[in-house]
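# Remarks on the overall topology
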Amino acid sequence: MTDLTSLGVKDIRDGVAKGDFTAREVAEAFNTAVAEAAALNAFIVTTPDHALAAADKVDAARAAGETLGAMAGVPIGMKDLFATNGVQTTAASHILEGFTPRYESTVSQKLWDAGAGMLGKLNLDQFAMGSSNETSYFGNVTSPWKKAGSNAAMSPGGSSGGSSAAVAARIAPAATGTDTGGSIRQPAAFTGICGIKPTYGRCSRWGVVAFASSLDQAGPMARSVEDCAIMLGAMAGFDPKDATSLQMDVPDWEAALNSDLRGKKVGIPREYRMEGTDQAILDSWEQGKAWLKDAGAEIVDVALPHTKYALPAYYIVAPAEASSNLARYDGVRYGLRDLPDGVGLQDMYAATRAAGFGDEVKRRILIGTYVLSAGFYDAYYTQAQKIRALVARDFERAFQECDVILAPTTPTASFPLGSMNEDPLTMYLNDVFAVPASLAGLPAMSVPATLNADGLPLGLQLVGRPFDEQGVLNAGLAIQQRAGFTAKPEKWW
Amino acid sequence: MSVDKATVAKIANLARIRMDDAALERMVPELNGILQWVEQLGEVNTAGIEPMAAVIPNTLRLREDVVDADPLTGGGRQADVLANAPAAEHGFFGVPKVIE
C-alpha cells in the first residue's frame, strides 16, 4: 500500500471516495507523522482526536452512501490564528496562552463542513508579525529543509511557518495560512510548496485573530496547484459576519483549471529587478518566463513604478492597524492578566501588555501608535495610504496590458534561523516582492520553481486581477507542469 | 524625523505598554531605523491622490432589525463571553478598583 502521508488533498479525497483506503487510516497515518516530528516545532498543540472524529464521520457518510464534501477525509493543519471551538488559540503569543474560544472561525467551520479534520494548531510568528518564524512565544519552527553540506536549522519563512514546514515535511497534506504582507507566499517559496492568497474579501476574517484588517486574508498552503484550488474553494465564500466579505459566488476553481495559456499575456514588471536579489532567483524568473511562453502565453513588459515605495508604506499601514487591533488585549476579557500588588486599572493594562507581547509585536504597536499620533498622522499615515492608492493604480494600469503578472516570490532562498536578527529592517526586506499585491488586495500565489545551488527551494509568484484567482491558478499550473518540482526534504527529524 | 527616549516613553504610555529604562534605550535606535527608512515616502508626489483605506469598494450592509439576527453573534451568551476572563465575578468582568 502507498504511504498515505505522501498523498496530497486530491489523492486523499479521491482515494477515500473510491474506497482505496479509509479516512481513518489517513488520519492515523498523519497523526503518527505529526507525533514523530516534534523536532520541527510546527504545532503548538496537536489534536489527533479531532482528526479521527472527522475521519470517522466521513467513513460513516460514505458507508451510508451520502455525498462527500470537497475535503472529505483530508486531515489538515490549522494555523493558530483561527479560533477553534474548545481548542486553545494563541496567535503564538503569551498574552493569549490558554485562550480557548467558545466559537469556531468561519473558515475553519467551512473546512470541517467540507469533511476535513484537524491535526493540530500550527505555530506561526507572534500575531503573524515576522518573516522567519522566530517571533513565536512557543519557540522557532525549523524548516524540514537543510542547506547542502550544513546542519544549520533553516527558517521555514513566516508568518505561516508552521504551515509551510508541516506541508513540506509531509506531516500534513495541506494547511491554512494567512497573508497580510506575504505570510502565505514567502513561507511557501522557502519550503518548496504552493500557497495562494485570494482577492481580499474572498475568505471571511470572522474568528481570525486580527493583525491589519485591511490586508489580512486567509488562503490554503499545499503541495500542488490542484490541491490549493480544491481547498480554497472550501474556504472561500460570503460571510455576513465579516463587513468586508465579498458578496459574490465562489467559482469552481478546481473544475476550471486549465494550463493552456494561448491568448494570455504575462506581464513582467521591470521594477522587480532589484538590487540585492540573488542571481539564482533572477535565473528562475527567466526560466518561469520560458515555461509560460511554452504554455502559449505572450510575455510583455509592464511598469509598476511605485514598487519601491510599497514596502515602507506597508510598514506604516500594517503597524497602524495593528496598534488599533491589538488594543483589545487588556487583561480584562480574555487572555493573560498581570496585576502587580496595589496598582490600578491603567497600570494593569500596561503590565499585562508588557508581559504578554513579544519584542516584535511591541515594536510594531509603538510604530503604529506613533504614526497615528497627533502631529504625525498626515505626514506618515495619510501619505502611506496615498502611496497605497498609487501602488493599486500601478497594478490597474498594468492589467490593461496583461492578464497575469510573473515575479519572484522572495529576493533570497531560506536562511539559517538567527542569521537575520541584527536589524528588524533586514527581515522586513524579505517581503519586498510580496507586499505590493497585498496593498492592492490582489490574488497572488507562489509555486515552487527549482532548487538553488545549496539545494534550497525557490518560488515564483503570480499576481492576478481582482477576483481572477482562476487566472493565477492556471498560470501556476502551467509552471508546475513544466517545473516538475519533485524535490523533498530528506527526513532528519 | 526621529524619536528620543522621552518620545518613546510617551508612545509606550499611549500604547499602554510598560517599559523600563533599558527597554526604552533599546527601542530608540530600532524605531529610528524604521522611521528613517519610511522617510523615503516623502519623495513621492501624492498631490490630488485620495488616501486608500479599503481595496475593494464596499458599503456597510444592513442586517435585519431583529433580536439575535445571527445566533452566532447574538446575545444571551454570558457564560461563553466570560469563560476566558481572567477574573469573572458575579457574571461580570472583574477589574481592580477604579477611584477617580
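Residues numbered from 1 in each chain as written. Chains lettered and ligands numbered in written order. Predicted model: local features only at pLDDT ≥ 70, side-chain atom pairs only at ≥ 80, totals over all residues.

Assigned secondary structure in chain B consists of 3 helices and 2 strands. Since a compact globule built from 100 residues should have a radius of gyration of about 13 Å, the 23 Å found for chain B marks it as more spread out than a globular shape. In terms of its C-alpha atoms, chain B occupies a principal-axis envelope of roughly 50 × 45 × 25 Å. When burial is assessed residue by residue, chain B has 13% of its 100 residues classed as buried. (Helix = DSSP H or I, 4+ residues; strand = E, 2+ residues; numbered from the N terminus. Rg over C-alpha atoms; globule rule 2.2 N^0.38 Å. Buried ≥ 20, exposed ≤ 12 C-beta atoms within 10 Å, placed from the backbone.)

Regarding its fold elements, chain A presents 15 helices and 11 strands. Against the compact-globule benchmark of 23 Å for 493 residues, chain A has a radius of gyration of 21 Å, which places it among compact chains. Along the three orthogonal principal directions, the C-alpha set of chain A runs to about 65 × 55 × 50 Å. Looking at chain A as a whole, 62% of its 493 residues are labelled buried. Of all intrachain contacts in chain A linking residues separated by at least 6 positions in sequence, the fraction that spans at least 24 positions is 78%. (Contact = placed C-beta atoms within 7 Å.)

Before going further, it helps to spend a moment on the packing of helix α11 (residues 359-372) of chain A against helix α1 (residues 5-14) of chain B. Look at α11 of chain A against α1 of chain B: their axes get within 9 Å of each other, and the N-to-C directions meet at 95 degrees. As summarised for this structure, α11 of chain A and α1 of chain B are arranged roughly perpendicular, according to the angle between their axes. Within the contact between the two elements, α11 of chain A uses L366, T369 and Y370 of chain A and α1 of chain B uses V8, I11, A12 and L14 of chain B. Its residues placed into classes, the contact of α11 of chain A with α1 of chain B shows 6 nonpolar, 1 polar and no charged. (Axes fitted to C-alpha atoms, helices over the stretch in contact; angles between N-to-C directions. Parallel < 35°, antiparallel > 145°, perpendicular 65-115°, else oblique. Nonpolar A, V, L, I, M, F, W, Y, C, P; charged D, E, K, R; others polar.)

So, about the interface of chain B and chain A. Taken together, the contact between chain B and chain A spans 46 residues of the former and 58 residues of the latter. For the side of chain B that touches chain A, the elements supplying multiple residues, two or more each, are α1 and α2 (21-38) of chain B. By residue number, the principal contributor to the side of chain B that touches chain A is α2 of chain B, which donates 7 residues. Of the residues assigned to the side of chain B that touches chain A, the class counts are 32 nonpolar, 6 polar and 8 charged.

To continue, consider α11 of chain A. Compared with the 20 Å implied by 1.5 Å per residue over 14 residues, the 20 Å span of α11 of chain A between its first and last C-alpha is a close match. Counting buried residues along α11 of chain A, 10 of its 14 residues qualify, which places the element largely inside the surrounding structure. Considered for burial, the residues of α11 of chain A that qualify are V361, K362, R364, I365, L366, I367, G368, T369, Y370 and V371 of chain A. Next to the buried residues of α11 of chain A lie α9 (307-325) and α12 (377-398) of chain A together with α1 and α2 of chain B. (Expected span 1.5 Å × (residues − 1).)

Residues and elements named next belong to chain A. Among the 8 residues that make up strand β10 (residues 444-451), 6 are buried, leaving the element largely enclosed by the rest of the structure. Judged from the 3 bridges that link them, strand β5 (residues 194-197) and β10 form a sheet pairing that is antiparallel. Note on β10: the bridge partner recorded for I196 is M445. With 7 bridges connecting them, β10 and strand β11 (residues 457-464) associate as antiparallel partners. (Pairing = 2+ DSSP bridges.)

Right, let's talk about the confidence of the model for chain B for a bit. Residues and elements named next belong to chain B. Summing up the model confidence of chain B, the mean pLDDT is 91 and the portion of residues at 70 or higher is 99%. Highest mean pLDDT in chain B belongs to α1 (97); lowest belongs to strand β1 (residues 88-89) (94). For this predicted complex, the interface score ipTM comes out at 0.95, alongside a pTM of 0.97. (pLDDT = per-residue confidence, 0-100.)

Further remarks concern the nonpolar core. Counting 171 residues, the largest nonpolar core has I76, A174, M231, L292, A313, I316 and L366 of chain A as its most contacted members. Per-element accounting of this core gives the leading share, 11 residues, to α9 of chain A. (Core = buried A, V, L, I, M, F, W, Y, C linked by C-beta atoms within 7 Å.)

Before going further, it helps to spend a moment on unusual backbone geometry. Residue S159 of chain A follows G158 of chain A across a cis peptide bond; omega there is 10 degrees. Locating S159 of chain A in the fold gives a position in the loop between β3 (117-122) and α5 (161-168). Unusually for a residue other than glycine, H90 of chain B sits at a positive phi of about 50 degrees. H90 of chain B gets classed as exposed once you count the C-beta atoms within 10 Å, which come to 5.

For G139 of chain A, the position within the fold is in the loop between β3 and α5. By the C-beta count within 10 Å, which is 12 here, G139 of chain A ends up exposed.

Bringing helix α3 (residues 48-63) of chain A into the picture now. All names here are of chain A. An ideal rise of 1.5 Å per residue puts 22 Å on 16 residues; α3 measures up with 23 Å between its terminal C-alpha atoms. H50, A51, A54, A55, V58, D59 and R62 are the residues of α3 that are buried. An end-on view of α3 places all buried positions within 165 degrees of arc, on one side of the element. The outward face of α3, more than 90 degrees from its buried face, is lined by the exposed residues D49, A60 and A63. (Arc of directions from axis to C-beta.)

The next point concerns the environment of L60 of chain B. Residue and element names in this part refer to chain B. Mapped onto the secondary structure, L60 falls in the loop between α2 and α3 (78-82). L60 sits in the exposed class, given 6 other C-beta atoms within 10 Å. With 32 residues separating them in the primary sequence, L60 and F92 have C-alpha atoms 31 Å apart.

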